[in-house]
Amino acid sequence: MLIDKLNWRYATKKMDPSKSVPEDKVERILEAARLAPTSSGLQPYEIIVVTNPEVRAKIQAAAWNQAQVTEGSHLLVFAAWDNYTPERINKMFDLVNEERGFTNEGWENYRQMLLNTYPPRDAQVNFEHAARQAYIGFGLAITAAAFEGVDATPMEGFDPVQVDEILGLKARGLRSVTLLPIGYRQSEGDWLVNLKKVRRPKDEFISKVA
Ligand SMILES: Cc1cc2nc3c(=O)[nH]c(=O)nc-3n(C[C@H](O)[C@H](O)[C@H](O)COP(=O)(O)O)c2cc1C
């Protein structure tokens, strides 16, 4: 059951550097993120998969020296568009038309509405909107990792400016949003592994309007 897997997962603090996540599992975790819904289907973010040890060591230094960045076997960097441009919006709408093989007036009106609304807005507002979409893929990747029995640590604890610099993201019109090291827990040396998972009780989290 998915719930069992979600209870199994935790924000792993120590990973076993001798264990590597098999590529088929990595592919399925990435595919779950690719299938994530996004506002207007724009998918305004990318995932950079970093395995290079030197690059990961640099990122670790920019991430509060968190060990999982280098102890995991793969580091997924979720990076959002720095802005919405007409090119980016048109590319996605054109792709939909091409893949579906038809155009539709309602859809084209919707494209125009986005073209009139997003690009004139402040770049920071657009980036933050794009970053929120990246978080949806991030959540699905965390879920998919748990489903695959792969450990992962969601991370916001890093300096995005430095990570953007290390990965050359600015030139690609991207800004790093979150990190997700994946690997396998090393229970000895992980203070969190045996601690109870704590969540607010359901009645404080969910209310119903019936
Ligand atoms: C967006 C986000 C950012 C986080 N940043 C970090 C981080 O930088 N380092 C870390 O060890 N854990 C980080 N966490 C893990 C949370 O502390 C953890 O998910 C939360 O305490 C719940 O515990 P659990 O994931 O073990 O169930 C982050 C989690 C999320 C969702």
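Keep in mind it's a predicted model, so treat the numbers as computed, not measured. (Residues numbered from 1 in each chain as written. Predicted model: local features only at pLDDT ≥ 70, side-chain atom pairs only at ≥ 80, totals over all residues. Heavy atoms only, no water.)

A.B. asks: Looking at this structure, I do not really get the nonpolar core. What am I missing?
C.D. replies: Across soluble globular proteins, nonpolar side chains show a tendency to be buried alongside one another. Grouped together as the largest cluster of nonpolar side chains are 51 residues, with contacts concentrated most on Ile-29, Ile-59, Val-77, Phe-78, Leu-179, Leu-180 and Ile-182. Breaking this core down by element, the ones donating at least two residues are helix H2 (23–34), strand E1 (45–50), strand E2 (74–81), helix H5 (86–100), helix H6 (105–117), helix H7 (123–147), helix H8 (160–167) and strand E4 (174–183). Sequence-distant contacts of Leu-179, that is, excluding residues within four places in its chain, are made with Ile-59, Ala-63, Leu-75, Leu-76, Val-77, Phe-138, Thr-153, Pro-154, Met-155 and Phe-158. (Core = buried A, V, L, I, M, F, W, Y, C linked by side-chain atoms within 4.5 Å. Buried < 20%, exposed > 50% of the residue type's maximum accessible area, 1.4 Å probe, protein only. Helix = DSSP H or I, 4+ residues; strand = E, 2+ residues; numbered from the N terminus. Contact = heavy atoms within 4.5 Å.)

A.B. asks: Could you clarify how one ought to interpret the side chain of Asp-164 in this entry?
C.D. replies: Mapped onto the secondary structure, Asp-164 falls in helix H8. For the buried Asp-164, no salt bridge is present, and the opposite-charge side chain at shortest range is Arg-175, 5.0 Å distant. What Asp-164 contacts, discounting residues up to four positions off in sequence, is Leu-169, Lys-170, Leu-174, Arg-175 and Ser-176. (Lys, Arg positive; Asp, Glu negative; His and termini not counted. Salt bridge = Lys/Arg side-chain N within 4 Å of Asp/Glu carboxyl O.)

A.B. asks: When you look at the pattern of salt bridges in this model, what are you seeing that I'm missing?
C.D. replies: Working definition: two side chains of opposite charge can pair if their charged atoms are close together. All told, the structure shown has 11 salt bridges when counted by the stated rule. One salt bridge connects Asp-24 with Arg-28, and the closest N-O pair in it is separated by 3.5 Å. Of this pair, Asp-24 and Arg-28 both sit in helix H2, 4 residues apart, which is roughly one turn of that helix. Using a relative accessible area of 40% as the deciding quantity, one classes Arg-28 as partly exposed. Across the pair Glu-148 and Arg-28 runs a salt bridge, and its minimum N-O distance is 2.7 Å. You can see Glu-148 sitting in the loop between H7 and strand E3 (151–152) and its partner Arg-28 sitting in helix H2, a full 120 residues away along the chain. Salt bridges linked by common partners bring Asp-24, Lys-25, Arg-28 and Glu-148 together as one network.

A.B. asks: Can you help me understand the site of the ligand in this one?
C.D. replies: Taken together, 14 residues lie near the ligand, and Arg-9, Lys-13, Gln-66, Lys-197 and Arg-199 sit nearest. Here an oxygen atom of the ligand and a backbone polar atom of Ala-11 are 2.8 Å apart. A distance of 2.9 Å is found between an oxygen atom of the ligand and a backbone nitrogen or oxygen belonging to Gly-157. Protein contact buries 65% of the 620 Å² of open area that the ligand shows by itself. (Near = heavy atom within 4 Å. Polar contact = N/O pair within 3.5 Å; in protein donor to acceptor, adjacent residues only side chain to side chain. Areas by Shrake-Rupley, 256 points an atom, 1.4 Å probe, with all protein chains shown as cover.)

A.B. asks: Any chance you could explain the sheet that holds E2 here in plain terms?
C.D. replies: Sheets are built from strands paired through backbone hydrogen bonds, the pairs being either parallel or antiparallel. Read across the sheet, 4 strands follow the order E1-E2-E4-E3 without closing on themselves; strand pairing throughout is antiparallel. Only two strands of the sheet have a single neighbouring strand rather than two, namely E1 and E3. Sheet analysis places E2 next to E4, joined by 8 bridges and oriented antiparallel. From the neighbouring strand, Ala-79 faces E4, where its bridge partner is Ser-176. Across the sheet, H2 touches E1, E2 and E4, and the angle it forms with E2 is around 20°. Across the sheet, H8 lies against E1, E2 and E4, angled at about 85° from E4, the strand it touches most. (Pairing = 2+ DSSP bridges. Axes fitted to C-alpha atoms, helices over the stretch in contact; angles between N-to-C directions.)

A.B. asks: Got a minute to help me understand the environment of Met-15 in this structure?
C.D. replies: Relative to the assigned elements, Met-15 resides in the loop between helix H1 (2–8) and H2. It is 8.1 Å that separates the C-alpha atoms of Met-15 and Asp-151, two residues lying 136 residues apart in sequence. Discounting chain neighbours no more than four positions away, the residues touching Met-15 are Gln-68, Glu-71, Gly-72, Asp-151, Ala-152, Thr-153, Pro-181, Ile-182, Gly-183, Tyr-184, Arg-185 and Gln-186.

A.B. asks: For this particular structure, what's the right way to read the packing of helix H3 (residues 53–61) against H8?
C.D. replies: Each pair of packed helices gets described by two things: the angle between the helix axes and the distance between those axes. Two elements in contact, H3 and H8, have axes separated by 9 Å at closest approach and are oriented at 165°. Viewed along their axes, H3 and H8 adopt a mutual orientation that is roughly antiparallel. H8 is crossed by H3, and the crossing has right-handed handedness. Contacts between H3 and H8 involve Val-55, Lys-58 and Ile-59 from the first element and Val-163, Ile-166 and Leu-167 from the second. (Parallel < 35°, antiparallel > 145°, perpendicular 65-115°, else oblique. Left-handed = near helix turned anticlockwise from the far one by under 90°.)

A.B. asks: Looking at this structure, how should I read the packing of H2 against H7?
C.D. replies: Two numbers describe how H2 lies on H7: the axes approach to 8 Å, and their chain directions differ by 145°. As for the relative orientation of H2 and H7, their crossing is right-handed in sense. Contacts from Arg-28, Ile-29, Ala-32 and Ala-33 in H2 reach Gly-137, Leu-140, Ala-141, Ala-144 and Ala-145 in H7. Tallied by class, residues from the contact of H2 with H7 come to 7 nonpolar, 1 polar and 1 charged. (Nonpolar A, V, L, I, M, F, W, Y, C, P; charged D, E, K, R; others polar.)

Interpretation in functional terms is not warranted from these geometric data alone.
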